[in-house]
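Now for the letters of each chain:
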Amino acid sequence: MNISYNWLRDYLPFDLTPREVAAALTAIGLETGSVEEIESIKGGMEGLVVGKVLTCIKHPNSDHLHITTVDIGEDAPRQIVCGAPNVAAGQKVVVATTGTTLYHGDEKIVIKKSKIRGEESNGMICAEDEIGLGTSHDGIIVLPEDTQIGMSAKEYYHIENDYVLEVDITPNRVDGTSHFGVARDLAAYLNQTGKHVELQRPSIDSFQIDDTSQAIRVTIENQEACLRYSGVTIRGVTVKESPDWLKNRLTVIGLRPINNIVDITNFVLHELGQPLHAFDASKIKDDKIVVRTTQPGTVVITLDGVSRSLTNNDLTICNAEEPMCIAGVFGGLDSGVTEHTTDVFLESACFHPAWIRKTARRFALHTDSSFRFERGVDPNQTVYALKRAALLIKELAGGKITDAIQDVYPAEVKPYPVTLTYKKINSLIGNEIPANVVKNILSSLEMEILDETQEKLTIRVPVYRFDVRREVDVIEDILRIYGYNNIDLNNRMQLTLSHQTATDRSYQLENLISEQLCGAGFNEILNNSLTRRSLYEGLSSQPADQTVMLENPLSADLNGMRQTLLFGGLQSVAFNINHKYKNIRFFEFGNCYSYLSDIKKDSNTLASYCEEYFLGIWMTGKQVENSWTTADMEMSAFELKAVVENILQRLGIDINSLTQSIFSNDIFSNGIELQTRSGKCIGKYGIVNRKIIKSMDIENDVFFAELSWDKLFKLSEQTTISFTDIYKFPEVKRDLALLLDQEVTFDAIRKVAFESERHLLKRVNLFDVYEGQHLPTGKKSYAVSFYLQDERKTLTDMQIDLIMSKIEKNLESRLGAKRR
């Protein structure tokens, strides 16, 4: 759920930064996943000031441009060329000074000193759409005459940035599904930590009935499904666009403003957590609201224009003749508020969670209202929320509150009494918490103390805390506000939870990858870590003098410790080939050792010795053999590459966060080295050098990967895997055929592409390579697909063309790529 930082401060005066608020909420059980800065106007109107047009003459070289001089409060006025038809001397206008960045969609426009048709221009006089205030481009903005020259536009338009806190609400904490509910918990935390603040509840004292004539009446026929139904009629309203402050509040948390009436219901929902619904009162036949179920097969057309067939288990809000909407889930198309509405009936109700949950699941309709009704809303808050919304409607839409509030409450739900003892509190928490601290926390959580003795307290838990019904529930609430970090741990504490170390987690991941490889047709091998030094003779990448030698070897074949898993695995490959098993996929986890003579410490005799855990992978033979559907196919380095990337993906490591460089040495005839951005090598893979293969009496190519498991595990530990919904908006694919130098790699192309577009570019794939006739000497052709996607909206052709143009330009400038 999105919580606005500025909105939160309407109810709680605090001086915490947004990230401090996020940390505080997480500490008290309202886990905050992210903090994002939101600009109500992109760019925040930085660089925009109020100016006065002193002179305005026609441009000598244009029939539609004007040359103006504008005073923006500097020592001398600026000359600005303007093309607006309504520009005139004496106007107060908005001026973008040189260096200012304006935004048109995703495109940035930097205002520079320039010449327009031969005349110097030092800035730009702005229209609405150019600074993000609207969509009009009919002419420049003309401000009132008394507007101060030199005032920043940000100050004039009261532009403020906000922060959105993404709070993860657990199913039991429906009391936290509103800004006031979050503020209430935060106030309890701040008071406990010594920062005394007072929670400011929105006032409804000015609520009064303006017209006593009879209005709409309410009847509840199904009292099991509807626990309380409150409503009020407001006549003579004007439906129009909401004021900026209200639109900003909704926009920041991701809601689309519709009109002042609907926006108020959404505002109160996210302010207090109480769902509201506004009906066009003229559509309520016989001025009667009936809360009931309908006959199976009854059809309701909902706001999305879909006809939905109801069952007798779906609660509806009906007029005297027919259902108007599905209660607590979705409004009806014909009964909602439109621009022609003059009278509204405002609903504030409490429905049974199970009824709403089943209906929402049945129709696959999940709305902000159903989200709260399914978890349970406070039946004792319906009238308060109704009055709050009615006052806002009078303020923003006019009208008169007609007749008394219709409030049907068949069986009042009362606060729940709970008795708790100090002994139980201290026993469960493990520390002794002073009695006055306990009482202060309970008071800040609106839990009223009914009776008190030296040993125990009897309290009354508010109805909105559906999750607090037992003594242990209250103690848990006390502890989360008191602070888990404030509990002292001592040596006598006995833990029932097992302690898992990094070694345990590494072992679990090792088993996970082993199962993955076995599922892909691999067999695990286990070779001796003792080997012969002569295997490393003549190698420069792993010299023989770096072999850790044994003082008393059993034989010359086992006189040292392996520097790499390669040779043991090749011996296993050769053994299996000699026994007619030619299509081989092996993997092994094992330690490798080396002696680095240049690293010495007198205090540490082991400083020169290195031990590291590796994962080795070997592949050779045919990928497909004797298949009636597919011709025989030899294994290649690309199959090994896929295996390596699958392992990285399973560990949660983004392959795009690593750098890949092609190399060759005395172990790999062609290989790829994987490095972190800091330059640490985490592994190598490729084709084993033919000289080594022949020394092992192996004829076929062997493809080998050696990955540092210790480094992979550390990277995996640093990685947070999060869930995201499938994007609602389509993915766009664009293909380019590129003419490149032979030495240019696909990885270089992918790197340049992602550096050119970091947000909307999701994937880059190579689908064709051509080298041969009709190409210049030293050139090759790559066919590459680029996949673009925006999770918030459908990409436009203009956006796509701009991105592809930027990628193509960077490929040409950095890699010398030409489009074929």
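Below, the structure is looked at part by part. Keep in mind the model is a prediction, meaning the values are calculated, not measured.

Comments concerning the packing of aromatic side chains
- In total, this model carries 15 aromatic pairs according to the counting rule given.
- Geometrically, the ring pair formed by Trp7 and Phe267 is stacked, given 4.8 Å between the ring centres and 10 degrees between the ring planes. With Trp7 in helix α1 (residues 5-8) and Phe267 in helix α7 (residues 260-272), this pair connects stretches of sequence that are 260 residues apart.
- Look at Phe267 and you get buried, because its relative accessible area is 4%.
- Ring geometry for Tyr595 against Tyr609: centres 5.0 Å apart, planes inclined by 45 degrees, an arrangement best described as tilted. Of the two residues, Tyr595 sits in strand β31 (residues 584-595) while Tyr609 sits in strand β32 (residues 609-620), which places them 14 residues apart along the sequence.
- Owing to a relative accessible area of 23%, Tyr595 belongs among the partly exposed residues under this scheme.
- Note on Tyr609: relative accessible area 41%, which makes it partly exposed.
- In this structure an aromatic cluster arises from ring pairing among Phe587, Phe589, Tyr613 and Trp709.

A word on the side chain of Thr97
- Relative to the helices and strands, Thr97 resides in the loop between β6 (92-96) and β7 (101-104).
- With near-sequence residues (within four places) excluded, Thr97 lies in contact with Gly47, Val49, Ile72, Arg78 and Ile111.

Remarks on a negative patch on the surface
- A contiguous patch of negative charge, built from Glu31, Glu36, Glu166 and Asp168, is present on the exposed surface.
- With respect to the secondary-structure elements, Asp168 resides in the loop between β13 (161-167) and α5 (179-192).

As for the sheet that holds strand β29 (residues 548-549)
- Read across the sheet, 3 strands follow the order β28-β30-β29 without closing on themselves; strand pairing throughout is antiparallel. Two strands close off the open sheet at either side, each with one partner strand: β28 (530-531) and β29.

Here we look at the state of the cysteines
- The tally for this structure, following the rule as stated, stands at 0 disulfides.
- Cys325 takes part in no disulfide bond, and the closest cysteine sulfur to it belongs to Cys318, at a distance of 8.4 Å.
- Cysteine Cys610 is unpaired, with the sulfur of Cys592 as its nearest cysteine sulfur at 9.6 Å.

Comments concerning the pattern of salt bridges
- Across all of its chains, the model carries 44 salt bridges by this definition.
- Put simply, Asp304 and Arg308 hold a salt bridge, and the shortest N to O gap is 2.5 Å.
- If you follow the salt bridges from partner to partner, you end up with Arg173, Asp175, Asp185, Arg465, Asp467, Asp477 and Arg480 in one network.

Some words on helix α9 (residues 368-375)
- Every buried residue of α9 is listed here: Ser369, Ser370, Arg372, Phe373 and Glu374.
- Turning to α9, the residues buried within the fold contact α7, β22 (343-351) and α8 (353-363).
- One or two steps after α9, the chain reaches Gly376, where phi turns positive at roughly 105 degrees.

Observations concerning the pairing of strand β17 (residues 288-293)
- Judged from the 4 bridges that link them, strand β14 (residues 217-220) and β17 form a sheet pairing that is parallel. Across the sheet, residue Val218 finds its bridge partner in β17, namely Ile289.

Thoughts on the pairing of strand β15 (residues 226-235)
- The buried fraction of β15 amounts to 8 of the 10 residues, a majority that puts the element mostly inside the structure.
- Examined bridge by bridge, β15 and strand β23 (residues 400-408) share 6 bridges and lie antiparallel to one another. Paired with Ile234 across the bridge in β23 is Ile401.

A short note on the environment of Thr629
- In this fold, Thr629 is placed in the loop between β33 (622-624) and β34 (633-634).
- Within the structure, Thr629 has its side chain in polar contact with the side chain of Ser627 (distance 3.0 Å).

Structural notes on the environment of Val329
- Along the chain, Val329 falls in the loop between β21 (323-326) and β22.
- In the structure, Val329 is positioned 28 residues away from Arg357 in sequence and 8.9 Å away in space, judged by C-alpha atoms.
- Look past the residues within four positions of Val329 in its chain and what remains in contact with it is Ile356, Thr359, Ala360, Leu365, Thr367 and Ser370.

Here we look at the sheet that holds β22
- If you walk across this open sheet you meet the 4 strands as β16-β22-β15-β23, and the pairing is antiparallel. Either end of the sheet is taken by a strand with one partner, and the two such strands are β16 (276-280) and β23. With strand direction ignored, the average angle separating the axes of adjacent strands in the sheet is 20 degrees.

Some points on the packing of helix α6 (residues 244-252) against α7
- Axis separation between α6 and α7 bottoms out at 10 Å; the angle between their running directions is 50 degrees. The orientation of α6 relative to α7 falls into the category oblique. Taken as a pair, α6 and α7 cross one another with a handedness that is left-handed. Residues Trp245, Leu246, Arg249 and Leu250 of α6 form the contact with α7, whose participating residues are Asn260, Asp263, Ile264, Asn266 and Phe267.

Things to note about α8
- Inspection of α8 places Ala354, Trp355, Ile356, Thr359, Ala360 and Phe363 among the buried residues, and these make up the whole buried set.
- Contacts made by the buried residues of α8 are with β17, β19 (307-309), β20 (315-318), β21, β22 and α9.
- Two residues or fewer after α8 comes Ala364, characterised by a positive phi angle close to 55 degrees.

Concerning a positive patch on the surface
- A cluster of like positive charges, contributed by Lys42, Lys108, Arg677, Arg758 and Lys806, occupies part of the molecular surface.
- Residue position: Arg758 is located in the loop between α19 (746-756) and β40 (761-770).
- Of the residues examined, Arg758 reaches a relative accessible area of 63% and is grouped as exposed.

Quick look at the environment of Ile289
- Position of Ile289 among the secondary structure elements: in strand β17.
- On a C-alpha basis, the gap between Ile289 and Asn319 in space is 4.9 Å, while along the polypeptide they are 30 residues apart.
- Beyond its immediate sequence surroundings of up to four residues, Ile289 is in contact with Ile216, Arg217, Val218, Thr219, Tyr229, Ile284, Ile317, Cys318, Met324 and Phe345.

What about unusual backbone geometry?
- Despite not being glycine, Asp286 shows a phi value in the positive range, around 60 degrees.
- Note that Asp286 resides in the loop between β16 and β17.
- The class for Asp286 is exposed, based on a relative accessible area of 62%.
- Of note in the backbone geometry, Ala364 takes a positive phi value of approximately 55 degrees without being a glycine.
- The exposure class of Ala364 is exposed, given its relative accessible area of 57%.

Points about the packing of α8 against α9
- Look at α8 against α9: their axes get within 7 Å of each other, and the N-to-C directions meet at 140 degrees. With respect to their mutual orientation, α8 and α9 come out oblique. Between α8 and α9 lies a crossing of left-handed hand. Seen from α8, the contacting residues are Pro353, Ile356, Arg357, Ala360 and Arg361; seen from α9, they are Ser370, Phe373, Glu374 and Arg375.
- Taken together, the residues that form the contact of α8 with α9 break down as 4 nonpolar, 1 polar and 4 charged.

Definitions and limits used
Residues numbered from 1 in each chain as written. Predicted model: local features only at pLDDT ≥ 70, side-chain atom pairs only at ≥ 80, totals over all residues. Heavy atoms only, no water. Phe/Tyr/Trp six-rings, centres within 6.5 Å; stacked < 30°, edge-to-face > 60°. Helix = DSSP H or I, 4+ residues; strand = E, 2+ residues; numbered from the N terminus. Buried < 20%, exposed > 50% of the residue type's maximum accessible area, 1.4 Å probe, protein only. Contact = heavy atoms within 4.5 Å. Patch = residues over 30% accessible without salt bridge, like charges linked within 9 Å, V, L, I, M, F, W, Y side chains within 5 Å. Areas by Shrake-Rupley, 256 points an atom, 1.4 Å probe, with all protein chains shown as cover. Salt bridge = Lys/Arg side-chain N within 4 Å of Asp/Glu carboxyl O. Lys, Arg positive; Asp, Glu negative; His and termini not counted. Charge placed at Lys NZ, Arg CZ, Asp CG, Glu CD. Pairing = 2+ DSSP bridges. Disulfide = S-S within 2.5 Å. Polar contact = N/O pair within 3.5 Å; in protein donor to acceptor, adjacent residues only side chain to side chain. Axes fitted to C-alpha atoms, helices over the stretch in contact; angles between N-to-C directions. Parallel < 35°, antiparallel > 145°, perpendicular 65-115°, else oblique. Left-handed = near helix turned anticlockwise from the far one by under 90°. Nonpolar A, V, L, I, M, F, W, Y, C, P; charged D, E, K, R; others polar.

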